[in-house]
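Survey of secondary and tertiary structure
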Amino acid sequence: MSDQEYSGLTGRIVKYTIHNSADVYRLGFWVGLVSFIMITLFPFYWLLVLAVTPDNQLYQMGFVPENFNIGVFATVVQEYPLHHYIFNSILIATITVIVCITLGSLAGYAFGRVDFPGKGPLLVLLLVISYFPGIAFLIPLFELLTGSLSILGTPTPDLYNTPWGMVFPFTMLSLPITIFILTTFYSQIPDGLEDAARVEGTTRLGALFRVIMPLSAPGVVTAAIIVFIGVYREFFFSFIMTDGSPENWAVLVYGILNFQQQHTQMYNMMAAASLIGIIPIAVLVIIAQEHIVRGLTAGGLKE
Amino acid sequence: MKQKVQQAVSPIFLRIEQLDEAKYGFLLVSPVFLVLSVLAFYPLVRTLYFSLQDDDLTGMHPIGEFVGLENYVQILSGDANAILTSPFFDLQAPFSSALIVTLLITGVSVAIGTLMGLGMAIILNKEFKGRRYARTIVILPWSIPIVIQGMMFFLLFQPSLSPFVEPLANLGVFSDNPLINSQDSTIIVILIDIWRKIPFIALIIMAGIASIDRNLYDVAEVAGATKWQQFRLITLPQIKPVLFIGMIFYTISSMKIYGIVEASAGCSTVPTLTCLVVQTFRQQRWATASAIAFITALVIAVIIMVYVVRYRESTNE
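Residues numbered from 1 in each chain as written. Chains lettered and ligands numbered in written order. Predicted model: local features only at pLDDT ≥ 70, side-chain atom pairs only at ≥ 80, totals over all residues.

Along chain A, the regular secondary structure elements total 14 helices and two strands. By principal-axis analysis of the C-alpha atoms, chain A measures approximately 85 × 60 × 35 Å. For chain A, with 303 residues in total, the buried portion stands at 43%. A separation threshold of at least 6 residues defines the contact pool for chain A, and within that pool the share at least 24 residues apart is 70%. (Helix = DSSP H or I, 4+ residues; strand = E, 2+ residues; numbered from the N terminus. Buried ≥ 20, exposed ≤ 12 C-beta atoms within 10 Å, placed from the backbone. Contact = placed C-beta atoms within 7 Å.)

Here the focus is the overall build of chain B. Helix and strand content of chain B: 13 helices and two strands. Over its C-alpha atoms chain B spans a radius of gyration of 25 Å, topping by over 25% the 20 Å that the globule rule assigns to 317 residues. For the C-alpha atoms alone, the extent of chain B along its principal axes is close to 75 × 75 × 50 Å. Per-residue burial for chain B yields a buried fraction of 42% across its 317 residues. In chain B, once contacts between residues fewer than 6 apart in sequence are set aside, the share between residues at least 24 apart is 65%. (Rg over C-alpha atoms; globule rule 2.2 N^0.38 Å.)

In this section: the nonpolar core. Side chains of a nonpolar character, in soluble globular proteins, are inclined to be buried together. Counting 173 residues, the largest nonpolar core has B:Val147, B:Leu155, B:Ile205 and B:Ile292 as its most contacted members. Here this core takes 15 residues from helix α8 (residues 182-210) of chain B, the largest share from any one element. Counting residues domain by domain, this core receives three or more from each of domain 1 (3-57) and domain 2 (72-301) of chain A. The contacts of B:Leu155, once residues within four sequence positions are left out, are A:Trp46, A:Leu47, A:Leu50, A:Tyr267, A:Met270, A:Ala271 and B:Leu161. (Core = buried A, V, L, I, M, F, W, Y, C linked by C-beta atoms within 7 Å. Domains from an automatic or database assignment.)

Right, let's get into unusual backbone geometry. All names here are of chain A. In this model, Asn161 sits at a positive phi of 70 degrees, which is unusual for a non-glycine residue. Position of Asn161 relative to the elements: it lies in the loop between β2 (154-155) and α7 (163-187). With phi around 65 degrees, Trp249 is a residue other than glycine that occupies positive phi space. Here Trp249 shows up in the loop between α11 (236-240) and α12 (252-262).

Burial runs high along helix α6 (residues 135-145) of chain A: 10 of the 11 residues are buried. Taken residue by residue, α6(A) has A:Ile135, A:Ala136, A:Phe137, A:Leu138, A:Ile139, A:Pro140, A:Leu141, A:Phe142, A:Leu144 and A:Leu145 as its buried positions. Contacts from the buried residues of α6(A) go to α7 and α11 of chain A together with α2 (21-51), α12 (273-282) and α13 (286-316) of chain B. A:Gly147 occupies a position one or two residues after α6(A) and carries a positive phi of about 75 degrees.

Counting residues at the interface gives 76 residues for chain A, matched by 74 residues for chain B. With 12 residues, the top contributor of residues to the side of chain A that touches chain B is helix α2 (residues 21-52) of chain A. Within the side of chain A that touches chain B, the residues separate by chemical class into 60 nonpolar, 12 polar and four charged. (Nonpolar A, V, L, I, M, F, W, Y, C, P; charged D, E, K, R; others polar.)

Turning our eyes to something else, we now look at the domain arrangement of chain A. All names here are of chain A. When its domains are assigned, chain A resolves into domain 1 (3-57) and domain 2 (72-301). Facing seven residues of domain 1, the contacting portion of domain 2 comprises seven residues. Grouping the amino acids of the side of domain 1 that touches domain 2 by side-chain chemistry returns five nonpolar, one polar and one charged.

Another point: the environment of A:Phe237. Residue and element names in this part refer to chain A. One can find Phe237 in helix α11. For Phe237, a count of 25 C-beta atoms within 10 Å corresponds to the buried category. Measuring from C-alpha to C-alpha, the distance between Phe237 and Leu145 comes to 12 Å, with 92 residues separating the pair along the chain. Apart from residues no more than four positions distant in its own chain, Phe237 is found in contact with Gly134, Met166, Pro169 and Phe170.

Relative to each other, α2(A) and helix α6 (residues 146-156) of chain B sit at 65 degrees, their axes nearing to 10 Å. Relative to α6(B), α2(A) is oriented roughly perpendicular. Two packed elements cross with a definite hand, and for α2(A) against α6(B) that hand is left-handed. Facing A:Pro43, A:Trp46, A:Leu47 and A:Leu50 of α2(A), the residues of α6(B) in contact are B:Met152, B:Phe153, B:Leu155 and B:Leu156. A per-class count over the contact of α2(A) with α6(B) returns eight nonpolar, no polar and no charged. (Axes fitted to C-alpha atoms, helices over the stretch in contact; angles between N-to-C directions. Parallel < 35°, antiparallel > 145°, perpendicular 65-115°, else oblique. Left-handed = near helix turned anticlockwise from the far one by under 90°.)

What follows deals with the confidence of the model for chain B. Looking at chain B as a whole, its pLDDT mean stands at 90, while 99% of the residues score no less than 70. Among the scores for the predicted complex, ipTM is 0.90 and pTM is 0.90. (pLDDT = per-residue confidence, 0-100.)

Residues and elements named next belong to chain B. Locating Val101 in the fold gives a position in helix α4 (residues 98-125). For Val101, a count of 27 C-beta atoms within 10 Å gives the class buried. The spacing of Val101 and Thr186 is 85 residues in sequence and 7.4 Å in space, taken between C-alpha atoms. Ignoring anything within four residues of it in the chain, the contact list for Val101 reads Phe95, Thr186, Val270, Pro271 and Thr272.

Once that is clear, we can look at the packing of α12(A) against helix α13 (residues 267-287) of chain A. Residues and elements named next belong to chain A. Between α12 and α13, the least distance of the axes is 9 Å, while the angle of their chain directions is 170 degrees. On the basis of the axis angle, α12 is roughly antiparallel to α13. Contact residues: Leu252, Gly255, Ile256, Phe259 and Gln260 in α12; Met269, Met270, Ala273, Ser274 and Gly277 in α13. A class-by-class count of the residues in the contact of α12 with α13 yields six nonpolar, four polar and no charged.

Next up, the structure:
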């Protein structure tokens, strides 16, 4: 091909592209990376702009705040009990994590290391639960957990407005993923270690708690973090199982929504409350990024 | 005290010690399945049972007499639309009928989100300085509370605040107040869903790319294949199984979409299937709500089957 075919600006660009494909490739990479990070961060930046703008200037705003009102973060906590909602969220998530890890460790160990008939079908059964939408469980669970159902003449306890009203549905939602993650980790521990412990005279359960569990600590941590994030970000049962007041164990969902429904114009408060609500998760993501990546892929790719 | 406890439990430990492998396995999984039978299997069966009964709006319990598949027939034929807060399926009003809105959100979100997730996975898989920080940043949208995901875009499209709404309205893309317009709000919900799911699908695809044998690329390099050819002939076929699983999870999750709708435009503006179930449940129509919940599960099952069949066809070629 002669150089004449590449005349004009477009032609020059085409020529450059062909002769320097590595450079163009690098440029594409950086443009892609920067745009993904900007798309990701922009909504967070907008929350920050709204939060620090004084409420009398919350109209037709630009992309840069004109005044800074840092006090808004203190106001959200002092005048509205945001910290109370966040405390409830963290406590309920922690209880769910403990329940799921305790039950899930036993099952994960069995699925990962013990040979028993019906293992495949039981794992499929777990998958079936995570397949059904939350709404398919809603009405009977609501009935069961609010005391409107009676078993042999005794009504079930009314757990509406208590932490347990949420812990039970969350446990049901989180157990399958806990077990998938733990099964993957347990099955990766070499058989020799467990055999050695058994030869030394440790009991079966002793080997599980003293040898296998410590070795699979990274797996347990991963599962715990995934369950914690899952519960902290959950919406559906958090929204249905309380009446929305923090004394009645309402969680972050209501801490945020109450501004939208009761204080409709307080946009700076909504933004500040959202930013504060993100902090616990942001900290977790920063310190445990590797675990989250591993947990998500292990749980997602199990099948 | 400690000794007493040990004495009391030691026969139990001995018993466990003597169990054969199969019984030991069953013993270890039994607590989980006991809990799940109360909290998951029983509710599923009972929802199915409710869906076969009549609504009873006057009695003590909102469940009336056995009517068989009547609820399903009423919902699917459109006869139930009159009692629902928004129609289940109505071609005359696509943006207010639950099934169409949900399928539209899922279809557009999965298509765009998967493509962008693929792009993000390829970029984040490269070695570069600060990759750890980049990964940390991009996981954030997925991990933050659902209510905040919705709130962010609610604030981003508030007409009195947002610098976007007016220019977009002038271009004719949106109306003056997009959050009360069903069509505009559906687009906003799709945007939220894509924004928060890209990291999820990207992470799954990254796991697939990481497991590809590097030698394949070296061979391709020697053979003179361009980057695009390497992607099309090596990367894409190798990550197909992972991509397929990721898309199934993405689809299931988008079909259940609810929280971001409630926190942004509201269920009356964007009536997704889950919105419709919750609203019907709140009207004390438990039987109808249960039937819609099961129809939703069936629709998801059909979509997954289509995926599986298409996947089988493409791998058999």
